[in-house]
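Reading the structure
Each chain, written out:
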Amino acid sequence: LEVEAGRYVLRQFLEGPYYQPLTKEALKRNRDPMKRDRTLRARSHVQKLEAVTAFTETDGQFEVIIDITGTENVPIAVELAFRHGGQLKGVEAVPGLSDTFLLRNGFGQYGYENQVIEFGPGQVEHTWTQLHGALPKWDGLSVYLTGFTPFKVTLKIT
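Criteria and cut-off values
- Residues numbered from 1 in each chain as written.
- Predicted model: local features only at pLDDT ≥ 70, side-chain atom pairs only at ≥ 80, totals over all residues.
- Heavy atoms only, no water.
- Phe/Tyr/Trp six-rings, centres within 6.5 Å; stacked < 30°, edge-to-face > 60°.
- Helix = DSSP H or I, 4+ residues; strand = E, 2+ residues; numbered from the N terminus.
- Buried < 20%, exposed > 50% of the residue type's maximum accessible area, 1.4 Å probe, protein only.
- Lys NZ or Arg CZ within 6 Å of the ring centre and 35° of its normal.
- Pairing = 2+ DSSP bridges.
- Axes fitted to C-alpha atoms, helices over the stretch in contact; angles between N-to-C directions.
- Salt bridge = Lys/Arg side-chain N within 4 Å of Asp/Glu carboxyl O.
- Core = buried A, V, L, I, M, F, W, Y, C linked by side-chain atoms within 4.5 Å.
- Contact = heavy atoms within 4.5 Å.
- Patch = residues over 30% accessible without salt bridge, like charges linked within 9 Å, V, L, I, M, F, W, Y side chains within 5 Å.
- Areas by Shrake-Rupley, 256 points an atom, 1.4 Å probe, with all protein chains shown as cover.

This brings us to the packing of aromatic side chains. Aromatic rings in a pair are described by how distant their centres are and how their planes are angled relative to each other. Summed over the entire model, instances satisfying the criterion amount to four aromatic pairs. On the numbers, 6.0 Å between centres and 90° between planes, the contact of Trp-128 with Phe-148 is edge-to-face. With a gap of 20 residues between them, Trp-128 in the loop between β10 (115-120) and β11 (141-148) and Phe-148 in strand β11 connect regions that are remote in the sequence. On the accessibility criterion, Phe-148 (23% relative accessible area) is partly exposed. Through pairs of rings, three or more aromatic residues link up here, namely Phe-82, Tyr-110, Tyr-112 and Phe-119. Stacked on the ring of Tyr-112, the Lys or Arg Arg-83 has its end atom at 4.9 Å from the ring centre.

This brings us to the sheet that holds strand β4 (residues 61-70). Spatially, eight strands are ordered β1-β2-β3-β4-β12-β10-β9-β6 in an open sheet, and the strand pairing comes out antiparallel. Here the strands that pair on one side only, and so sit at the sheet edges, are β1 (2-4) and β6 (87-89). On average, each strand axis in the sheet is inclined to that of its neighbour by 20°, with strand direction left out of account. When β6 meets strand β9 (residues 108-112), the two strands line up antiparallel, connected through three bridges. Residue pairing for β9: Leu-88 is matched across the bridge by Tyr-110.

The next thing to look at is the sheet that holds strand β7 (residues 92-93). Taken in spatial order, the four strands of this open sheet run β5-β11-β8-β7, and their pairing is mixed. Two strands bound the open sheet, and with one partner strand each, they are β5 (75-82) and β7. As judged from the eight bridges shared by β5 and β11, these two strands associate in the antiparallel manner. In the sheet register, Pro-75 faces β11, and the bridge partner there is Phe-148.

Once that is clear, we can look at the pattern of salt bridges. Scanning the entire structure with this criterion turns up seven salt bridges. As a salt-bridge pair, Glu-15 and Arg-43 come within 3.0 Å of each other at their nearest N and O atoms. Here Glu-15, found in strand β2 (residues 7-19), pairs with Arg-43, found in strand β3 (residues 43-58); they are 28 residues apart in sequence, far enough to count as distant. Linking Glu-92 and Arg-104 is a salt bridge whose minimum nitrogen-to-oxygen distance equals 2.8 Å. Residue Glu-92 is located in strand β7, and its partner Arg-104 is located in the loop between β8 (100-102) and β9; the two are separated by twelve residues in the primary sequence. Of the residues examined, Arg-104 reaches a relative accessible area of 37% and is grouped as partly exposed. Here the salt bridges do not stand alone but share partners, grouping Glu-2, Glu-4, Arg-7 and Arg-11 into one network.

The next subject is the nonpolar core. Soluble globular proteins tend to pack their nonpolar side chains together in the buried interior. One finds Ile-66, Phe-82, Leu-88, Phe-119, Val-143 and Phe-151 to be the most contacted residues of the largest nonpolar core, which totals 19 residues. Listing elements by their share of this core, those giving two or more residues are β4, β5, β11 and β12 (151-157). Considering each element in turn, this core owes the most residues, four residues, to β5. Leaving out residues up to four positions away in the same chain, Phe-82 has contacts with Leu-88, Tyr-110, Phe-119, Trp-138, Gly-140, Leu-141 and Val-143.

Where nonpolar side chains cluster on the molecular surface, the patch consists of Leu-1, Val-3, Tyr-8, Leu-10 and Phe-55 and spans about 520 Å² of accessible area. Along the chain, the position of Val-3 falls in strand β1. For Val-3, a relative accessible area of 58% corresponds to the exposed category.

As structure tokens, then:
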């Protein structure tokens, strides 16, 4: 977490290679399959992803800029998580999935007791919400914005 010009910035860098099969020489030297590890295997097709998220608060309103770059055409799903018991408006339920919604465009609302949060604008370029390697869905109401890298969205939360 860094503070830059009055905003909070989070950065994450991920890298994932494809590990080539062991060479014949490595197999001969390491006959015990339990002692073979990835350090013996060549790496190729390294995929990279960098996510930068910046938060700015002004008079109780938030702007969240999410900028994800790296390997092109990687599917992205940004989850906005809300507790059970509230009511969502302006979102679209994902068929076959409980408590899972998309914000295609415009602004959505989440109301709980006497409070309302407005968020958006929405963006949906695909309908996958549970992506390989991602954390499981939040145990509550989840609203997703989706796209492909390079991916940049500016959310307003009021």
